[in-house]
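Understanding the architecture of this molecule
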Amino acid sequence: QVQLVESGGGLVQAGGSLRLSCAASGRTLSSYAMGWFRQAPGKERDFVTSISRNAGRTYYADSVKGRFTISRDNAKNTVYLQMNSLKPEDTAVYYCAADSDPRTPYSSSTHYTAYDIWGQGTQVTVSS
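Please read these numbers as outputs of a predicted model, since none were measured by experiment.

**A word on the nonpolar core**
Counting residues in each nonpolar core, the largest one holds 34 residues, and the members touching the most others are Leu-4, Met-34, Trp-36, Met-83 and Tyr-94. If one sorts the elements of this core by residue count, strand S9 (residues 92-99) sits on top with 5 residues.

**Re the packing of aromatic side chains**
Any pair of aromatic rings gets described here by the distance separating the centres and the angle formed by the planes. Applying the stated criterion across every chain yields a total of 5 aromatic pairs. Look at Phe-37 and Tyr-115: their rings are 5.4 Å apart centre to centre, the planes differ by 80°, and that puts the pair in the edge-to-face class. You can see Phe-37 sitting in strand S4 (residues 33-39) and its partner Tyr-115 sitting in the loop between S9 and strand S10 (117-118), a full 78 residues away along the chain. With a centroid separation of 5.2 Å and an interplanar angle of 55°, the aromatic rings of Phe-37 and Trp-118 are classed as tilted. Placement of the pair is Phe-37 in strand S4 and Trp-118 in strand S10, with a sequence separation of 81 residues. On the basis of relative accessible area, Trp-118 is assigned to the partly exposed category, the value being 27%.

About the cut-offs
- Residues numbered from 1 in each chain as written.
- Predicted model: local features only at pLDDT ≥ 70, side-chain atom pairs only at ≥ 80, totals over all residues.
- Heavy atoms only, no water.
- Core = buried A, V, L, I, M, F, W, Y, C linked by side-chain atoms within 4.5 Å.
- Buried < 20%, exposed > 50% of the residue type's maximum accessible area, 1.4 Å probe, protein only.
- Helix = DSSP H or I, 4+ residues; strand = E, 2+ residues; numbered from the N terminus.
- Phe/Tyr/Trp six-rings, centres within 6.5 Å; stacked < 30°, edge-to-face > 60°.

This is how it looks when you write it as structure tokens:
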């Protein structure tokens, strides 16, 4: 079973950019669909984006389309979240998640229940 560690969070001004990384250990990520979720203080954990096992398909929440990009480098066993044009409402703890079951339909990847492996999260704070 893979273990996930997020990094790259921090404080950034509105309009700026951050790149989050999700590094895996234990085994490779090549067979896993991956997703990013976020949770702001006092709010529910929301879907941000996901990427299929072969990187050929992606989903994005409407709130981040055109600003965020998910990518994966299976050779480095890492998934990335490039965040541009950041807004204060993007402030949240960002979580990386993996779906280790290849039988899970990719169309289910926007639901947290599709994922069985979770990182510990990294804080992203966007100031005005």
